[in-house]
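# Remarks on the overall topology
Read off the chains here:
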Amino acid sequence: MHIIKRLLLFAILIPVCNACIEDVNLKDYDIEPKMVLFCYLSPMFDTTGVFLTNSQPLLSSNTDLIGVLTNAKVEISNDSINWVAFTYYSPSERYVLPLTDFPIEEGKTYYIRATSPGFDEMISASCKVPYFRNIPISIDTQLLVEEYSKSIMFNFTWKDYAGEQNYYYIPVYETYEDYYYEEDKYINVLYSNPIYNETTHDYFFSDEENDASILKGNYSLWIDENPNKGYDTLIFNFVQMDKIAYLYWTSLMRYTNSIGFMGVVEPVLLYNNIENGYGLFSAFVFKTYRFILKDESLEEF
């Protein structure tokens, strides 16, 4: 009976709470949109790109105000004294800077800043590019046969690089056929899924709790009876990211999971390292490998 009373009370409170909602003039509360910057540095890319837009305050109804900022000044530096400007490239809606004009190197710290008409404050951030550590990776496989499906389980194992904080992410790439309506044909589509961390129940790995520990993850490849579809090679990136990226992506994972509980859990704040704004300025390094199932050999690709 007490449970029924609580449910009835909750049902009554819903329209009462909704009745309290009204439009708010955000400027009266000094809530102004801020710049949002996303940039990932990596010496493995040939171009550094920056995506710059404006924020949308939660209480605002001006949804048409959000958009890419095309007339901003975006600059990067490796000493916070000498700055190099990005160029806006409209086809990709990004500010771009080729590595030939501004190299990105492992182990170095970089600084970024941006100003734009309509925004009083300059935004800025810094990050350090991690070193890529050549860590031996071992993979063993297991064929799993269920009543209506088959899959190959790939078990990844590697030893964390000792003496420093390290953060890992391993996306695996597959291709599948998808129908392309405009040309009335099937095409091969490339997509990726990361290996799974059974300890943390997400897709990211850290040595913060135990330096030089053995880390493990797994990946399931579903297979069918189509003889023309080969499952002879697994291609993946072994990504080593900075702590900034790790904190952002793990907070995003917690945020995504909290949405499914319809507001009955504590709200999750996304990690943000942009001063006077929002977004992410971080760095990572990676190498691409392929695992050949026939002889279970691993090689750089």
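A separate point is the confidence of the model for the protein. Residues of the protein with pLDDT of at least 70 account for 77%, and the chain-wide mean is 83. Note on residues 1-29: pLDDT under 50 across the span, and 6 contacts to partners over four residues away in sequence or across chains.

Attention now goes to the packing of aromatic side chains. Throughout the structure, instances matching the rule amount to 19 aromatic pairs. Plain terms: the ring middles of Phe102 and Tyr110 are 5.9 Å apart, the flat faces sit at 70 degrees to each other, and that makes the pair edge-to-face. An identical accessibility class is assigned to Phe102 and Tyr110; each is buried. With a centroid separation of 5.9 Å and an interplanar angle of 65 degrees, the aromatic rings of Tyr196 and Tyr203 are classed as edge-to-face. An aromatic cluster of three or more residues is present, and its members are Phe132, Trp158, Tyr168, Phe205 and Phe238. Lying across the ring of Trp83, Arg113 places its NZ or CZ 3.9 Å from the centre.

All right, on to the sheet that holds strand E15 (residues 214-223) then. Taken in spatial order, the 3 strands line up as E9-E10-E15 in an open sheet, and their pairing is antiparallel. The open sheet has two edge strands, strand E9 (137-145) and E15, and neither has a second partner. With direction set aside, neighbouring strand axes in the sheet form an average angle of 20 degrees.

For Phe119, the location among the structural elements is in the loop between strand E7 (109-115) and strand E8 (123-128). Note: C-alpha distance between Phe119 and Glu32 (87 residues apart in sequence) is 9.0 Å.

Counting residues in each nonpolar core, the largest one holds 53 residues, and the members touching the most others are Leu41, Leu52, Phe156, Trp158 and Phe281. The element best represented in this core is strand E17 (residues 278-292), accounting for 6 residues. Contact partners of Leu41, with chain neighbours within four places excluded, come to Thr48, Ile76, Ile104, Tyr110, Cys127, Val129, Phe281, Ser282, Ala283 and Phe284. Within the second largest apolar cluster, 9 residues are counted, among which are Val239, Met241, Ala245 and Tyr246.

Moving on, we come to the pairing of strand E3 (residues 73-77). Of all 5 residues in E3, 4 are buried, a share of seventy percent or more. Where E3 and strand E4 (residues 84-85) come together, 2 bridges link them in antiparallel fashion. Across the sheet, residue Glu75 finds its bridge partner in E4, namely Ala85. Where E3 folds back on E4, the antiparallel hairpin that results is connected by 6 residues, among which Ser80 adopts a positive phi of roughly 60 degrees.

Conventions used here
- Residues numbered from 1 in each chain as written.
- Predicted model: local features only at pLDDT ≥ 70, side-chain atom pairs only at ≥ 80, totals over all residues.
- Heavy atoms only, no water.
- pLDDT = per-residue confidence, 0-100.
- Contact = heavy atoms within 4.5 Å.
- Phe/Tyr/Trp six-rings, centres within 6.5 Å; stacked < 30°, edge-to-face > 60°.
- Buried < 20%, exposed > 50% of the residue type's maximum accessible area, 1.4 Å probe, protein only.
- Lys NZ or Arg CZ within 6 Å of the ring centre and 35° of its normal.
- Pairing = 2+ DSSP bridges.
- Helix = DSSP H or I, 4+ residues; strand = E, 2+ residues; numbered from the N terminus.
- Axes fitted to C-alpha atoms, helices over the stretch in contact; angles between N-to-C directions.
- Core = buried A, V, L, I, M, F, W, Y, C linked by side-chain atoms within 4.5 Å.

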